[in-house]
Amino acid sequence: MKQLIVFIFICSINTVFAEYRAYQYIVKNKILTAQDQSNSHLITSSMDPETYISYHGGHNLISIDLLRTWVCPGHTGNRKDICDSPYAKLSKEFTR
């Protein structure tokens, strides 16, 4: 019984300190279609650059430029939104 309590305690500590890295990219389509108004768009993701490129078709279809990255508390399970960029928070403070 004591081991079970210790195990539960250790598991709860790990979830309290969970965090993930967020990435912001400019994604450029290498293949343009008639519907494309722009060649590039801004994306925020929890995928690292290589994973993002691989998941979205590879280097032949898209290219990305990493703009910034930051650490978010918590996890991305249950389709949670990625936390706001601390850079955006700073820019709001300076525009007041």
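How each quantity is defined
Residues numbered from 1 in each chain as written. Predicted model: local features only at pLDDT ≥ 70, side-chain atom pairs only at ≥ 80, totals over all residues. Heavy atoms only, no water. pLDDT = per-residue confidence, 0-100. Helix = DSSP H or I, 4+ residues; strand = E, 2+ residues; numbered from the N terminus. Pairing = 2+ DSSP bridges. Axes fitted to C-alpha atoms, helices over the stretch in contact; angles between N-to-C directions. Salt bridge = Lys/Arg side-chain N within 4 Å of Asp/Glu carboxyl O. Buried < 20%, exposed > 50% of the residue type's maximum accessible area, 1.4 Å probe, protein only.

Side note on the confidence of the model for the chain
For the chain, the average pLDDT comes to 84, and 82% of its residues sit at 70 or higher. Helix H1 (residues 2–16) is the least confidently modelled element of the chain, averaging 67 in pLDDT, while helix H2 (residues 49–55) averages 96, the highest of any element.

Quick word on the sheet that holds strand E2 (residues 40–45)
Pairing is antiparallel across the open sheet formed by three strands, whose spatial order is E2-E1-E3. The outermost strands of the open sheet, each flanked by one partner alone, are E2 and strand E3 (62–73). Strand-to-strand twist in this sheet, taken as the mean axis angle between neighbours without regard to direction, amounts to 15°. The sheet contact formed by strand E1 (residues 19–29) and E3 spans eleven bridges and is antiparallel. Among the inter-strand pairings, Ala 22 is bridged to a residue of E3, identified as Trp 70.

Notes on the pattern of salt bridges
Once their charged atoms are close, side chains differing in charge can pair, the charge on each being opposite to the other. Applying the stated criterion to the full structure yields one salt bridge. Residues Asp 65 and Lys 28 are paired through a salt bridge, measuring 3.1 Å at the closest nitrogen-oxygen approach. Of this pair, Asp 65 sits in strand E3 while Lys 28 sits in strand E1, and the two are 37 residues apart along the sequence. Overall, the relative accessible area of 36% leaves Asp 65 in the partly exposed class. For Lys 28, a relative accessible area of 32% corresponds to the partly exposed category.

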